[in-house]
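# Secondary and tertiary structure notes
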Amino acid sequence: MSEATPAKSMDEIMALCKRRGFVYQASEIYGGINGFWDYGPLGAQLKKNLRDAWWQDMIMNPCWGRKGPNGERVRCVPLETRIIQHPKVWEASGHVGGFNDPMVDCRETKARYRFDHVSVFVPASGDAGERPLFAFMKDSPSEAKQQKKAERAFGAVKVVPLTSIPVEQFAKVLGPDAEKVGTLTEPRQFNLMFKTYIGATATEDDKAYLRPETAQGIFVQFKNVVDTTRVKVPFGIGNTGTSFRNEVTPRNFTFRSREFEQAELEFFCHPSESQDWYKFWRDFRMEWWQSIGLKGENLILREHEKDELSHYSQGTSDVEYRFPFTAPGFGELEGIAHRGCFDLTQHQEHSKVKLEYFDQERGEKLPNGSTKGERYMPHCIEPAAGLDRGALAIMCEAYTKDPSRPSPEIMKFHPRIAPIKAAVFPLVNKDGMPEVAERLYDELNAKFGRTGFIETDAKQSIGKRYARMDEAGCPFCFTIDGETLTNQTVTVRDRDTGGQERIAINAVSEYVKKKLGV
RNA sequence: GCGGGUGUAGCUCAGUGGUAGAGCGUCAGCCUUCCAAGCUGAAUGUCGAGGGUUCGAAUCCCUUCGCCCGCUCCA
C-alpha cells in the first residue's frame, strides 16, 4: 500500500452506510440473513444512478459515441430476461456440472479439498491390505511427503484419483497433511446454484434454478433479437438484473453476496474481429469506471494469465478495485471475457436450434454488386460488471476522512453518481430567505429530480446542514443569504473543498446541469 | 464447513450478579448572516434470539443467529 492512499477503515465505512441510509442488513429485525443486504434510500438511488450510467453509456449511447475497431459506431440493444430459465439452459452453459463440486473435509486438519483434486498413492500392483493409502494434493508439499511414506510401505507406487476409491475404504486413507488415517469425510455436494420449484406441487420434476448469471438469458434470446430487430453483427445485447450464487462464505460487507445485480453485455462479432473487439471493450470498460469516479491507483486492469483462463476463453481481463478489505490486493468489479463461440455453440447443441448468423455483407462479391454472404457462429466478448460491487467500490472510494474539517467524514461521489444532487438552504430561517430557498428548490427539483434527490432544510445552523450533506455526498449546496435579497445572487458551496463562490440565482439551473453532465 | 473475536440507543462505546448508562447524532423551541457553534427540553433499548442456573442475569452456563478476522471455497 502506498503512502498516498492511507487505508480506510471498513468499519467506519459500514457505520456511515448504516447511519446515512446507504446499506442495511437484510431482514435485520429478525437477526439478519447471511449473504443478503438491502439498500436504504441513498444507497438505492446511488445504485440506480450507477445502473442508469451503465445503461446510457453501454446501450443507448455506447462508448459515448466512439467508433469501434471496425470504424463504425458501436451498436447495442437492451434485453430483459428472467431470473428463472429452463433448467436445460444451465446444463448447456455448464453450470449444473460446474456448480456441483463435491468436497471432502479432513476431520483432523480441518482442511477442505475438492474431491476431484485429491490424488492417492496406492501399490503399483496388488492390494494395500491393512496398510494405509496415502492421499495428497498435486504440487503441494504433501505430494513428496506422502510419496516417501507410500514407497516405504509398498515399494513401487502408482497414483490414482481419490474419486476412484470406494467411500467404504476412506477409513484406510491418510489425509494429505493428517497424522491419523480415516480422517477424510465422504464427499459432500456444494450446490452453488439456488434451487426452486415451479408450480404448487413442488416435486423434483418441477426443479428449476435461480440464474447464477444474466448472460445465459442473452445467449438464449440471441436468435430472437437477430430475427426481430434490424441489428447486424457486430452488435451487443445488454441485460441488467439480479443473479444468485450460494457462496460458500459470504464475506466482506456486500462484496460477496448471495443475491447480487449484474450488468452484462454480450457483444457478438465475426471471429476474425474478435480480438480487436476484446481489446476495445477491455480498455473502454476501464475508462468507464474511471469516468464515474474510480480514479487513481486503487483501480487496475488485470489481464488473466493463460492458466487462469476458462477452457473456452481466448482472453479475460478483470477491472479490479483495491477495497479496504482486499488491500494491498484487489477485488473484481468486472470481468471482460473473450468467450469465443462457446455459449452459442452449447445452446445450439442442447436446444437443437440453429444459432448461426448469416452475414449478408461478407463472402465473395457477386456480379450484381451484392455479396454472397457468410454463415458463421459469432464470437462473443462479454463485459460483465457487478453493480453491487461497483456501488461498494464507489462508496469506498468516496469515503474520505479529513480531521481538519468540522465534519470529518465526507463522501466524495462523482456528481453523476451522487444520490443527492444538490441542496438549497436559507442561511437563517427568517427575513424572507426561506421563501426564496423554497422557490429555488422547486425549480431544481422540477428540472433535476429525476436524476436524484434535491434537498432543502431550514433548521439548525448552516454548518450542521453542510456537514450532513458532506456525509451524504451531496456535491453542491446553494445558500440564500442577505445579499440574495438585494442582488439576486446565491453562494455555491463545494463539498470537496468547502470553498464558496457567488453566482446569480437564475444561473443555478445551468450550473447544476453542467456539473451533472445532463 | 472449521477456528478465533464480537453483538448494549441511529452511530461509537462504558457497564463482571442487585433500578439500563455516556458521548455524538436525531427531534422540538430559542438563538443564529456561512461550516456538526450556544442555551433549553424531548424521544429512543424485550442488552442479537431462545433456554438454563439464581431470590435476582446485560453480566454465569448451554443452544442458536448475525457481523468481523483467519482457513477453506469462489464454475
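The structure contained in this document is the topic of the report that follows. (Residues numbered from 1 in each chain as written. Chains lettered and ligands numbered in written order. Predicted model: local features only at pLDDT ≥ 70, side-chain atom pairs only at ≥ 80, totals over all residues. Heavy atoms only, no water.)

### Considering the environment of Thr316
Under the convention used in this document: Numbering of helices and strands runs from the N terminus; a helix is a DSSP stretch of H or I covering at least four residues, while a strand is a stretch of E covering at least two. Between two residues, a contact is recorded if the distance between any of their heavy atoms is within 4.5 Å.
Relative to the assigned elements, Thr316 resides in strand 15 (residues 315-321). Thr316 sits 98 residues away from Ile218 along the chain, and the two C-alpha atoms are 19 Å apart. Once residues lying within four places of it in the same chain are set aside, the contact partners of Thr316 are Tyr278, Arg302, Glu303, His304, Leu309, Ile336 and Ala337.

### Some points on unusual backbone geometry
Cut-off, in case you're wondering: Between buried and exposed lies partly exposed: a residue is buried under 20% and exposed over 50% of the maximum accessible area for its type, with that area taken using a 1.4 Å probe on protein chains only.
The peptide bond linking Val233 to Pro234 adopts the cis configuration, its omega dihedral lying at 5 degrees. Position of Pro234 among the secondary structure elements: in the loop between helix 7 (222-228) and strand 12 (235-244). Going from Ala327 to Pro328, the amide bond is cis rather than trans, its omega being 5 degrees. Residues other than glycine seldom take positive phi values, yet Asn252 does so here, at roughly 65 degrees. You can call Asn252 partly exposed: its relative accessible area is 31%. The backbone of Gln488 shows a phi angle near 60 degrees, a positive value even though the residue is not glycine. Considering the arrangement of structural elements, one finds Gln488 in the loop between helix 13 (482-487) and strand 25 (489-494).

### Remarks on the sheet that holds strand 9 (residues 173-174)
What counts is decided by this rule: When DSSP locates at least two bridges between a pair of strands, those strands are taken to pair. Angles shown run from 0 to 180 degrees and are taken between the N-to-C directions of axes, each axis being a line fitted to C-alpha atoms and, for helices, limited to the stretch in contact.
Taken in spatial order, the four strands line up as 8-6-7-9 in an open sheet, and their pairing is mixed. Each of the sheet's edge strands pairs with one partner strand only, and the pair in question is strand 8 (157-161) and strand 9. Examined bridge by bridge, strand 6 (residues 118-123) and strand 8 share five bridges and lie antiparallel to one another. Bridging from a neighbouring strand, Val120 pairs with Val160 of strand 8. Along the sheet, helix 5 (residues 141-154) makes contact with strand 6, strand 7 (133-137), strand 8 and strand 9, crossing strand 7 at roughly 165 degrees.

Scope: geometric values only; no functional claims are made or implied.
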